[in-house]
Amino acid sequence: MSRQANRGTESKKMSSELFTLTYGALVTQLCKDYENDEDVNKQLDKMGYNIGVRLIEDFLARSNVGRCHDFRETADVIAKVAFKMYLGITPSITNWSPAGDEFSLILENNPLVDFVELPDNHSSLIYSNLLCGVLRGALEMVQMAVEAKFVQDTLKGDGVTEIRMRFIRRIEDNLPAGEE
Amino acid sequence: MAVCIAVIAKENYPLYIRSTPTENELKFHYMVHTSLDVVDEKISAMGKALVDQRELYLGLLYPTEDYKVYGYVTNSKVKFVMVVDSSNTALRDNEIRSVSAGDWRTTPGWWMFRKLHNSYTDVMCNPFYNPGDRIQSRAFDNMVMSMMIQVC
């Protein structure tokens, strides 16, 4: 939940309640604007994507992480650096697929869902779907097409929140000439 | 411990009311309703002092033959009312002792209301809850139930 005010590398604390309530207001407004939950999920993903494609620049500039050599390294950076930097949590990485192209991020506590209780009429709403969009958008900007989706959610009664990440392919065609 | 717990909005309509045993529900509703006058009286009597001290616990509102009614009011004038079985000596004894010592904070009643208040705050922070609606929260329900069965 840290966010820089100036462009330095130090992070500034902000109230987690303000952050959580702001996100809550966003989601409930979307629920009012769209008739069904599927549309809200889609919209959250789209917003997340737009955040992600911008956030990756900020992330690379401030974190000083180098190029990742494989997907495992990427997973480590996402969990230990990116989540720490922007949400103040460190999810654990588990359930690698044998091929090494899929893994799960386990969030013990998700700061987006403090206070939240899903009402019964929103059972198919994926409340934190924004995060999936952010991950997808950010990785796309570093030439990685991934799929991210929630498979467990504490809001739906699961013990933990789990985001499943799947590596699809490297994006080669939009590399600018002269790089790599 | 408590047999009935109610949350009353600023405009004096119920946001939440729950009682055990359920067959006497109406009786408790009346009891809580009656207590609102006492709450109003206490608030206006304490007036400015209450606001200044930020002392939210109103203490014993009135005793009946079988029950005692306690009250608490938040800074936004939301009222919590708790009906307690008079035969519950654990609460009563502590209550009397600490009131004579002049410190509410040590009474179990105060702590129960604090717990209720914290839980109510969480409900208010739920983005899906519209302020002024009836409270339909599983977490709040569970907390209230836990306070009702505690000692019974």
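Here the structure is shown first, and the text comes after it.
Residues numbered from 1 in each chain as written. Chains lettered and ligands numbered in written order. Predicted model: local features only at pLDDT ≥ 70, side-chain atom pairs only at ≥ 80, totals over all residues. Heavy atoms only, no water.

A. The interface of chain A and chain B, seen in detail. The interface of chain A with chain B comprises 15 residues on the first partner and eight residues on the second. Where chain A meets chain B, there are zero salt bridges. On inspection of chain A and its partner chain B, the count reaches four residue pairs in polar contact (both at pLDDT 80 or more). In terms of residue class, the side of chain A that touches chain B is made up of 10 nonpolar, three polar and two charged. (Contact = heavy atoms within 4.5 Å. Salt bridge = Lys/Arg side-chain N within 4 Å of Asp/Glu carboxyl O. Polar contact = N/O pair within 3.5 Å; in protein donor to acceptor, adjacent residues only side chain to side chain. Nonpolar A, V, L, I, M, F, W, Y, C, P; charged D, E, K, R; others polar.)

B. Quick peek at the packing of aromatic side chains. Throughout the structure, instances matching the rule amount to 12 aromatic pairs over all chains. Measuring from ring centre to ring centre gives 5.3 Å for Tyr72 of chain B and Phe113 of chain B, while their planes differ by 10 degrees; the resulting arrangement is stacked. Here the residue Tyr72 of chain B occupies a position in strand β4 (residues 67-73), and Phe113 of chain B occupies one in helix α3 (residues 108-125), the gap between them amounting to 41 residues. On the accessibility criterion, Tyr72 of chain B (1% relative accessible area) is buried. Within the aromatic cluster, the residues linked to one another by ring pairs are Phe71, Trp96, Phe103 and Phe167 of chain A. Taking NZ or CZ as reference, Arg72 of chain A lies 4.4 Å from the ring centre of Trp96 of chain A, over its face. (Phe/Tyr/Trp six-rings, centres within 6.5 Å; stacked < 30°, edge-to-face > 60°. Helix = DSSP H or I, 4+ residues; strand = E, 2+ residues; numbered from the N terminus. Buried < 20%, exposed > 50% of the residue type's maximum accessible area, 1.4 Å probe, protein only. Lys NZ or Arg CZ within 6 Å of the ring centre and 35° of its normal.)

C. Examining the pairing of strand β2 (residues 14-19) of chain B more closely. Residue and element names in this part refer to chain B. As paired elements, strand β1 (residues 2-8) and β2 share five bridges and run antiparallel to each other. If you follow Val7 over to β2, its bridge partner there is Tyr16. Hairpin connection from β1 to β2: five residues lie between these consecutive antiparallel strands, with Asn12 at a positive phi of about 65 degrees. (Pairing = 2+ DSSP bridges.)

D. Structural view of the side chain of Ser97 of chain A. Along the chain, Ser97 of chain A falls in the loop between β3 (92-94) and β4 (102-107). Once residues lying within four places of it in the same chain are set aside, the contact partners of Ser97 of chain A are Glu102 and Arg164 of chain A.

E. Fine view of the sheet that holds β2 of chain B. Residue and element names in this part refer to chain B. Taken in spatial order, the five strands line up as β2-β1-β5-β4-β3 in an open sheet, and their pairing is antiparallel. The outermost strands of the open sheet, each flanked by one partner alone, are β2 and β3 (57-63). Between one strand axis and the next, the sheet turns through 15 degrees on average, direction left out of account. Sheet topology places β3 next to β4; five bridges connect them, and they run antiparallel. Residue pairing across strands places Gly59 opposite Gly71, the latter belonging to β4. (Axes fitted to C-alpha atoms, helices over the stretch in contact; angles between N-to-C directions.)

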